[in-house]
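Residue-level listing of the chains:
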Amino acid sequence: MAAHPGARGTARPATHHPHPATADRPTVLTGATVVLPTGTVENGRLAVDGTRITATAPEDAHVIDATGHYVVPGFVDLHNHGGGGASFTSGSVDDILKGIHTHRLHGTTTLVASTVTGDMDSLARRAGLLSELAEQGEIAGIHFEGPFISPCRKGAHSEELLRDPHPAEVRKLIDAARGRAKMVTLATELPGGLDSVRLLADHGVIAAVGHTDATYEQTVQAIDAGATVATHLFNAMPPLGHRSPGPITALLEDERITVELINDGTHLHPAALQLAFHHAGAHRVAFITDAMDAAGFGDGRYWLGPLEVEVADGVARLLADGTIAGSTLTLDRAFQRAVTVDGLSVEDAVTALSATPARLLGLDDTIGSLEPGKSADLVLLDSAYELKGVMRRGEWVVGPQLG
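Throughout, residues of each chain are indexed from 1 in the direction in which the sequence is written. This being a predicted model, a pLDDT of at least 70 is required before a residue's local features are given, and a value of 80 or more before pairs of side-chain atoms are given or counted; all residues contribute to the totals for chains, interfaces and linings. The side-chain values count all of the structure's non-hydrogen atoms but skip hydrogen atoms and water molecules.

It is possible for side chains of opposite charge to pair when their charged atoms get near one another. The salt bridge definition used is simple: a Lys or Arg side-chain nitrogen within 4 Å of an Asp or Glu carboxyl oxygen. Using the criterion set out here, one finds 14 salt bridges in the structure. Asp254 serves as the salt-bridge partner of Arg256, at 2.8 Å between the closest nitrogen and oxygen. Burial status follows relative accessibility: with a 1.4 Å probe on protein chains alone, a residue under 20% of its type maximum counts as buried, one over 50% as exposed, and anything between as partly exposed. By relative accessible area, which is 16% here, Asp254 ends up buried. Between Glu308 and Arg301 there is a salt bridge, and its shortest N-O distance comes to 3.7 Å. Overlapping salt bridges bring together Asp224, Asp254 and Arg256 as one network.

This part is about the packing of helix α4 (residues 193-202) against helix α5 (residues 216-225). Note on definitions: angles span 0 to 180 degrees between N-to-C directions of axes, and those axes are lines fitted to C-alpha atoms, for helices only across the stretch in contact. By the criteria applied, helices consist of DSSP H or I runs no shorter than four residues and strands consist of E runs no shorter than two, each listed in order from the N terminus. Running from N to C, α4 and α5 point in directions that differ by 25°, and their axes come no closer than 8 Å. One way to sum up the angle between α4 and α5 is to call them roughly parallel. Crossing geometry of α4 relative to α5 is assigned as right-handed. Touching Leu194, Val197 and Arg198 of α4 are Gln221, Ala222 and Ala225, all from α5. Roughly parallel means an angle under 35 degrees; roughly antiparallel, over 145; roughly perpendicular, 65 to 115; everything else is oblique. Should the near helix be turned counterclockwise from the far one by less than a right angle, the crossing is left-handed, whereas a clockwise turn marks it as right-handed. Residue contacts are defined here by distance: any two heavy atoms, one from each residue, within 4.5 Å place the two residues in contact.

Helical geometry note: an α-helix holds 3.6 residues per turn, so side chains three or four residues apart project in the same direction. With 16 residues, helix α2 (residues 120-135) extends 22 Å from end C-alpha to end C-alpha; this agrees with the ideal 22 Å at 1.5 Å per step. Of the residues making up α2, those classed as buried are Met120, Leu123, Ala124, Arg126, Ala127, Gly128, Leu130, Ser131, Leu133 and Ala134. Residues of α2 that are buried in the fold lie against β10 (86-87), α1 (93-104), β11 (108-115), β12 (141-145) and α3 (167-176). With a side-chain oxygen positioned 3.2 Å from the backbone nitrogen of Asp121, the residue opening α2 is Asp119. Count one or two residues on from α2 and you reach Gly137, which has phi positive near 85°. Residue count minus one, scaled by 1.5 Å, sets the expected span of a helix. A 3.5 Å cut-off defines polar contacts: any pair of N or O atoms within that distance qualifies, except that in protein one atom must be a possible hydrogen donor and the other a possible acceptor, and neighbouring residues in sequence count only when both atoms are side-chain atoms.

Each aromatic pair joins two rings of Phe, Tyr and Trp (for Trp, the six-membered one) with centres within 6.5 Å, and gets the label stacked for planes under 30 degrees apart, edge-to-face for over 60, and tilted for any other angle. Scanning the model with the defined rule gives four aromatic pairs in all. Relative to Phe287, the ring of Phe277 lies with its centre 5.7 Å away and its plane at 45°, an arrangement referred to as tilted. One end of the pair, Phe277, is in helix α7 (residues 270-280); the other, Phe287, is in strand β17 (residues 285-288), with ten residues separating them in the sequence. Just as Phe277 is buried, Phe287 falls in that class too. Geometrically, the ring pair formed by Phe335 and Tyr385 is tilted, given 6.3 Å between the ring centres and 40° between the ring planes. Within this pair, whereas Phe335 is found in helix α8 (residues 331-340), its partner Tyr385 is found in the loop between β21 (378-381) and β22 (387-392), the two being separated by 50 residues in sequence. By relative accessible area, Phe335 is classed as buried at 0%. On the basis of relative accessibility, which here comes to 14%, the residue Tyr385 falls in the buried class.

This brings us to the sheet that holds β17. Any two strands between which DSSP finds at least two bridges are classified as paired. The strand order β8-β11-β12-β13-β14-β15-β16-β17 describes an open sheet built from eight strands, whose pairing is parallel. Whereas interior strands pair on both sides, the edge strands pair on one side only; in this sheet they are β8 (75-80) and β17. The sheet contact formed by strand β14 (residues 206-209) and strand β15 (residues 229-230) spans two bridges and is parallel. Paired with Val209 across the strands is Ala230, a residue of β15. Relative to strand β13 (residues 181-186), α4 is tilted by about 165°, and along the sheet it contacts β13 and β14.

We now examine unusual backbone geometry. In this chain, Gly146 is followed by Pro147 through a cis amide linkage whose omega measures 15°. Among the secondary structure elements, Pro147 is positioned in the loop between β12 and α3. Notably, His211 is not glycine yet its phi reads approximately 45°, a positive angle. Along the chain, His211 falls in the loop between β14 and α5. A residue is classified by how much of its surface remains accessible, and His211, at 4% relative accessible area, is buried.

Let us now look at the nonpolar core. By nonpolar core is meant a set of buried Ala, Val, Leu, Ile, Met, Phe, Trp, Tyr and Cys residues that side-chain atoms within 4.5 Å join together. Ranked by internal contacts, the top residues of the largest apolar core, which has 92 residues, are Val72, Leu233, Leu261, Phe277, Phe287 and Phe335. The next biggest cluster of nonpolar side chains, apart from the first, holds 15 residues, and it includes Leu46, Ile53, Val71 and Met391.

Among the secondary structure elements, Met120 is positioned in helix α2. A sequence separation of 46 residues divides Met120 from His166, and the C-alpha atoms of the two residues are 12 Å apart. Excluding its chain neighbours within four sequence positions, the residues that come into contact with Met120 are Pro147, Phe148, Arg163, Glu169, Lys172 and Leu173.

Let us now look at the packing of α5 against helix α6 (residues 246-253). Taken N-terminus to C-terminus, the directions of α5 and α6 make an angle of 40°; their axes are 7 Å apart at the nearest point. α6 is crossed by α5, and the crossing has right-handed handedness. The segment α5 lies against α6, with Tyr216, Thr219, Val220 and Ile223 engaging Gly246, Pro247, Thr249, Ala250, Leu251 and Glu253. Ten residue types, Ala, Val, Leu, Ile, Met, Phe, Trp, Tyr, Cys and Pro, are classed as nonpolar, four, Asp, Glu, Lys and Arg, as charged, and the remainder, Gly among them, as polar. Residues that form the contact of α5 with α6 fall into these classes: six nonpolar, three polar and one charged.

The next point concerns the confidence of the model for the protein chain. Confidence of the predictor at the level of single residues is given by pLDDT, which spans 0 to 100. Averaged over the protein chain, the pLDDT score is 92; the fraction of residues at 70 or greater is 94%. Taken as a whole, residues 1-22 scores under 50 in pLDDT and shows 68 contacts with residues more than four places along the chain or in a different chain.

Printed below as a string of structure tokens:
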């Protein structure tokens, strides 16, 4: 989702926080409500030594009194196109790093960079650049959203650049990503769709059903072929019908599927979100941002490939026809809304924002929960679920604000 040179936006910091600080000695957070995989601990204690969470800390550890606050795992975003005025699809390396940092300021300590529909050569070049950032540990991998999607459900993708998901072309993008491709969104009903799902599964890449006009039966076929994710469930797919249940029913009812949800108050009615949680449970829901350049940046005019986007009051829409064009969401806002508006428990919000996406990425041995030996990725929230601190790999990205 591209903010090309000359895109008009209101430049402002992602949030008013201090500069990053490195923990120069072991740290212990005390007095907080700590959300662990085994349950929530009141007046809890969490120790960090170097880049890892530890069971104990030396006597000379720096003690931080976090009474009245929550400590939760760092957020994990499976589907993110940019932020801070920068695009992961078209920006320079510096632009991409700016976008990544913008989301880190909002608690996303692990991020998969998503591309949007483009010509195959451009996408292959972009995959090569993003794979280098993945190798450096800046991102967790690459998600290709398009061009293998349905023109009937294209959303804010350029129809002229769409193509059928022939396995040879899907393979071209996988190869260009040099082992760093994590997910490909497909309209699996298109010619080559099922064979491409099988190809992705064979290569350990997530096949995601999305931007699809598939029937219920076609979606079941895709799941049986190896699809495991629903790209932003409900959005860019046929609605649920009592005679034509469509993809939504198939995706919700199958335990093999994890469903993405964009919890920004624009993409989903709260009742739709509740429906997804009721049928899938938090262990099968991954909150995502589907963020575009304006996330953490501001209202204004942007470019989505060749399509002009206007962001007003934080909602991104194509200028031509008003189609929603990604989001300006950050995951701290998704967390706060989940608990205060949607009525989810803090534990379920943590599962959907951290544990489930970490498991889906195959990274749950190192991230996604607060356990000794895992990466020291954590977020501090106050009693109103406002972000008050972010630590990534033992370093404060947002220094604790506990006064």
